[in-house]
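Examination of the molecular architecture
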Amino acid sequence: MKYTRISALAAIGVAATFSLTACGSDGPGKDSSSKGSSSSSSSSSSSSSDSGSKSESSSGSGGSGAGNAKSGSAEDTEAETAANGATTTGAKVTFCKTKDLAIDARDAAPDKDSGRIDITLINRGSATCSATGFAGVDIKDADHTSNPIERGRAQPRVTILKPGDAAVFNLAYDIDNTGNSLASPTDILVTPPNETHTVSLKWPAGAGDIKGAYTDVEVYPTHTTE
């Protein structure tokens, strides 16, 4: 009986030991689980933080986009300035068009030695225009060659023409009274200032012969006849 009690007590002790071991085993397991949970939570937090960082980076890109928007605004401002410039230009007097001008040439020599041909431009258009500057002039010879005329040393004067107004410019040269002139002009090709369209005028009858060559003829800027 005594032996049986000892065996029973020993069995109870072993069982208690197993129970304690099980409890100890459960404890570390729970701690591990807690750590794993904490690690997972930390990972989630880190992921959220990274996501937040990316969001800020995206926001930074948005800031760049805002910069582009500002750039766009600057471009719009430039476009507006250009538009205003165009409007301002539109408000100014435009250059006279060849098609709106009645053009003719006449001999205006002041004496027998000084040759001068006056070329008159009359504004036949419906709007005021500017004929300011030098006209382009070529003289066509009987041999069918065309000779460009050099500009004289003179400053252009502002020449504004209302409808019906006239401007004039002249060709100047020395007259050859020997009868041996080598120049035989037949036509004067005139391109008004700041234009590209040309008109052909007959060399005025009675104009004195050109002394020297066509390179000795000079064209002077336009001015009003008033």
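Please refer to the structure higher up on the page.
Let me sum up the structure you'll find in this document. (Residues numbered from 1 in each chain as written. Predicted model: local features only at pLDDT ≥ 70, side-chain atom pairs only at ≥ 80, totals over all residues. Heavy atoms only, no water.)

What follows covers the overall build of the protein chain. The helix and strand tally for the protein chain stands at one helix and twelve strands. Taken from the N to the C terminus, the helices and strands of the protein chain come in the order α-β-β-β-β-β-β-β-β-β-β-β-β. When burial is assessed residue by residue, the protein chain has 26% of its 226 residues classed as buried. As displayed, the protein chain has an accessible area near 14,600 Å², and 52% of this comes from carbon and sulfur atoms. (Helix = DSSP H or I, 4+ residues; strand = E, 2+ residues; numbered from the N terminus. Buried < 20%, exposed > 50% of the residue type's maximum accessible area, 1.4 Å probe, protein only. Areas by Shrake-Rupley, 256 points an atom, 1.4 Å probe, with all protein chains shown as cover.)

This part is about the packing of aromatic side chains. Centre-to-centre distance and the angle between the planes together describe a pair of aromatic rings. This model, assessed by the stated rule, comprises one aromatic pair. Ring centres of tyrosine 173 and tryptophan 203 lie 6.1 Å apart, and the angle between their planes is 45°; this geometry places the pair in the tilted category. Taken as a pair, tyrosine 173 in strand E8 (residues 166-174) and tryptophan 203 in the loop between strand E10 (199-202) and strand E11 (218-219) lie far apart in primary sequence, 30 residues in all. Neither tyrosine 173 nor tryptophan 203 differs from the other in exposure class; each is buried. (Phe/Tyr/Trp six-rings, centres within 6.5 Å; stacked < 30°, edge-to-face > 60°.)

In terms of nonpolar packing, the biggest core is built from 28 residues, with Ile117, Ile119, Phe169, Leu171, Tyr173, Ile188 and Trp203 touching the most fellow members. Where this core is concerned, the elements lending two or more residues are strand E1 (101-107), strand E2 (114-123), strand E4 (136-141), E8 and strand E9 (185-191). Here this core takes four residues from E8, the largest share from any one element. Leave out the neighbours within four places in its chain, and tryptophan 203 touches Ile117, Ile139, Tyr173, Pro185, Thr186, Asp187, Ile188, Gly208 and Ile210. (Core = buried A, V, L, I, M, F, W, Y, C linked by side-chain atoms within 4.5 Å. Contact = heavy atoms within 4.5 Å.)

On to the pattern of salt bridges, then. Considering all chains together, one arrives at four salt bridges under this definition. Between aspartate 118 and arginine 106 there is a salt bridge, with its nearest N and O atoms 3.7 Å apart. Here aspartate 118, found in strand E2, pairs with arginine 106, found in strand E1; they are twelve residues apart in sequence, far enough to count as distant. For aspartate 118, a relative accessible area of 8% puts it in the buried group. (Salt bridge = Lys/Arg side-chain N within 4 Å of Asp/Glu carboxyl O.)

Before going further, it helps to spend a moment on unusual backbone geometry. Note on backbone geometry: most residues besides glycine have negative phi, and most peptide bonds are trans. Residue histidine 144 is not a glycine yet carries a positive backbone phi of 75°. One can find histidine 144 in the loop between E4 and strand E5 (146-148). We classify histidine 144 as exposed; its relative accessible area is 66%.

Turning next to a negative patch on the surface. Side chains of Asp111, Asp113, Asp174 and Asp216 sit close together on the surface and give a patch of like negative charge. Note on placement: aspartate 174 falls in strand E8. (Patch = residues over 30% accessible without salt bridge, like charges linked within 9 Å, V, L, I, M, F, W, Y side chains within 5 Å. Lys, Arg positive; Asp, Glu negative; His and termini not counted. Charge placed at Lys NZ, Arg CZ, Asp CG, Glu CD.)

With that out of the way, let us pick up a nonpolar patch on the surface. On the surface, Val93, Val158 and Ile160 cluster together into a nonpolar patch covering about 270 Å² of accessible area. Relative to the helices and strands, valine 158 is located in the loop between strand E6 (150-151) and strand E7 (160-161). Using a relative accessible area of 68% as the deciding quantity, one classes valine 158 as exposed.

The subject of this paragraph is the sheet that holds E4. Here four strands make up an open sheet; going across it, the order is E5-E4-E9-E10 and the pairing antiparallel. The sheet is open, and its two borders are formed by E5 and E10, each paired with just one other strand. Sheet twist, expressed as the mean angle between neighbouring strand axes with direction ignored, is 30°. The sheet contact formed by E4 and E5 spans three bridges and is antiparallel. Considered in E5, the bridge of lysine 140 is made with serine 146. (Pairing = 2+ DSSP bridges. Axes fitted to C-alpha atoms, helices over the stretch in contact; angles between N-to-C directions.)

Let us now look at the state of the cysteines. In total, this model carries one disulfide according to the counting rule given. The disulfide partner of cysteine 96 is cysteine 129, and the gap between their sulfur atoms is 2.0 Å. Its S-S torsion of approximately 90° makes the covalent link between cysteine 96 and cysteine 129 right-handed. Highlighted residues: cysteine 96 in the loop between helix H1 (2-91) and E1 and cysteine 129 in strand E3 (residues 129-130), separated in sequence by 33 residues. When sorted by exposure, cysteine 96 lands in the same class as cysteine 129, which is buried. (Disulfide = S-S within 2.5 Å.)

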